[in-house]
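The chain contents come next:
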Amino acid sequence: MNYSELAPPYIRAIAPYQPGKPISELERELGISGIVKLASNENPLGCSPLAMAAMQGALKSIALYPDGNGFELKDALSKRYGVEHASIVLGNGSNDMLELAARAFLSVGDKAVYSDHAFAVYPLATQAVGATGISVAAINFGHDLKAMLKAAVEQQAKLVFIANPNNPTGTFLKAEDLLAFLRALPANILVVLDEAYNEYLPVECRYDSVPWLRDFPNLIISRTFSKAYGLAGLRVGYAFANAQVADMMNRVRQPFNVNSVAQAAAVAAHRSRRACTGWGWSSSRRSAILSVSK
Ligand SMILES: Cc1ncc(COP(=O)(O)O)c(C=O)c1O
């Protein structure tokens, strides 16, 4: 019996995500130490000491299930960004956001648009639900928004994935170009704007997409605690979206998809307002934090 044949053809066709090789494995293989891995954009400076203390505190209650609704974390995000709880989705890393969006809104026969050389999970999340991915040719290794718009409209796609900045090519789309894209896109096509590296943008490139949610109810903004906050190992991400969109995403997520230690750390990291960009402490959206020491 070939058990793989029990899986639907679109699952069998998935080429598994290849994560970067763990440092320990490479060190064993090469017999060396002190490797610095760049492949996964992990934070070389680690997380806030406040997050570390919160994790230790949360361990005391590890026998209990986490808050499945993530009240404290939603509250922290809500207060900081002015987004109501009903418009927030929490996830096991922002990877979860990409998958929840695909699972909530795509099924067999539906189409999702993304760019060539964009984040590798977009095609995987699309394929895992039996939908068809349309990969649009890139311009200078970045998103060609005009071509993506054309493809989405002509192919009647349901979802568009955009990474800004993009991984792995590091390209960046200006706010005015994203806004022009959102204005031109029919409202029945959803856009996942993946801002995993948003906090790393230099001041002159920084933009605030959160107020766009008011004008574009088809917009899903996806962010993470993995990168700038140095919590990749814990897996915490979140999305902001129209309450109806968030509701659909919440319906398909696991009831306890963000563990209690991760929730506690993310709340503390957020409170610390220290996002570590590797080029110095970045400012939070609304406040300069250069003087914050922990
Ligand atoms: C563009 C982009 N989006 C999303 C993710 C997912 O990150 P996480 O699940 O750790 O939040 C990554 C991770 O490398 C990424 O590069």
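Residues numbered from 1 in each chain as written. Predicted model: local features only at pLDDT ≥ 70, side-chain atom pairs only at ≥ 80, totals over all residues. Heavy atoms only, no water.

K.L.:
Just to check I follow, could you spell out the packing of aromatic side chains for this structure?
P.N.:
Each aromatic ring pair is specified by the distance between its two centres and by the angle formed by the two planes. Evaluated as defined, the whole model comprises eleven aromatic pairs. Lying over the aromatic face of Tyr81, Arg223 brings its terminal NZ or CZ to 5.3 Å of the ring centre. (Phe/Tyr/Trp six-rings, centres within 6.5 Å; stacked < 30°, edge-to-face > 60°. Lys NZ or Arg CZ within 6 Å of the ring centre and 35° of its normal.)

K.L.:
What is the right way to read the packing of helix α3 (residues 49–59) against helix α11 (residues 260–272) from this model?
P.N.:
The angle between the axes and the distance between the axes are what describe a pair of packed helices. Running from N to C, α3 and α11 point in directions that differ by 150°, and their axes come no closer than 8 Å. Taken together, the axis directions place α3 and α11 in an arrangement best described as roughly antiparallel. Two packed elements cross with a definite hand, and for α3 against α11 that hand is right-handed. Facing α3, whose interface residues are Leu50, Ala51, Ala54, Met55, Ala58 and Leu59, α11 presents Ser260, Val261, Ala264, Ala265, Ala268, Ala269 and Ser272. Its residues placed into classes, the contact of α3 with α11 shows eleven nonpolar, two polar and no charged. (Axes fitted to C-alpha atoms, helices over the stretch in contact; angles between N-to-C directions. Helix = DSSP H or I, 4+ residues; strand = E, 2+ residues; numbered from the N terminus. Parallel < 35°, antiparallel > 145°, perpendicular 65-115°, else oblique. Left-handed = near helix turned anticlockwise from the far one by under 90°. Contact = heavy atoms within 4.5 Å. Nonpolar A, V, L, I, M, F, W, Y, C, P; charged D, E, K, R; others polar.)

K.L.:
Which parts of the structure should I look at to understand the side chain of His270?
P.N.:
By secondary structure assignment, the location of His270 is in helix α11. Polar contacts involving the side chain of His270 include one to the side chain of Arg80, which spans 3.4 Å. (Polar contact = N/O pair within 3.5 Å; in protein donor to acceptor, adjacent residues only side chain to side chain.)

K.L.:
Help me out: how do you make sense of unusual backbone geometry in this one?
P.N.:
With glycine set apart, most residues show a phi of negative sign, and most peptide bonds adopt trans. The peptide bond linking Asn164 to Pro165 adopts the cis configuration, its omega dihedral lying at -5°. Note that the residue after Asn167, namely Pro168, is joined by a cis bond; omega there is 20°. Positionally, Pro168 belongs in the loop between β4 (159–163) and α8 (175–184). In this structure, His117 takes a positive phi of about 65° despite not being glycine. With respect to the helices and strands, His117 occurs in the loop between β2 (111–115) and α6 (121–128). With relative accessibility at 40%, the residue His117 sits in the partly exposed group. (Buried < 20%, exposed > 50% of the residue type's maximum accessible area, 1.4 Å probe, protein only.)

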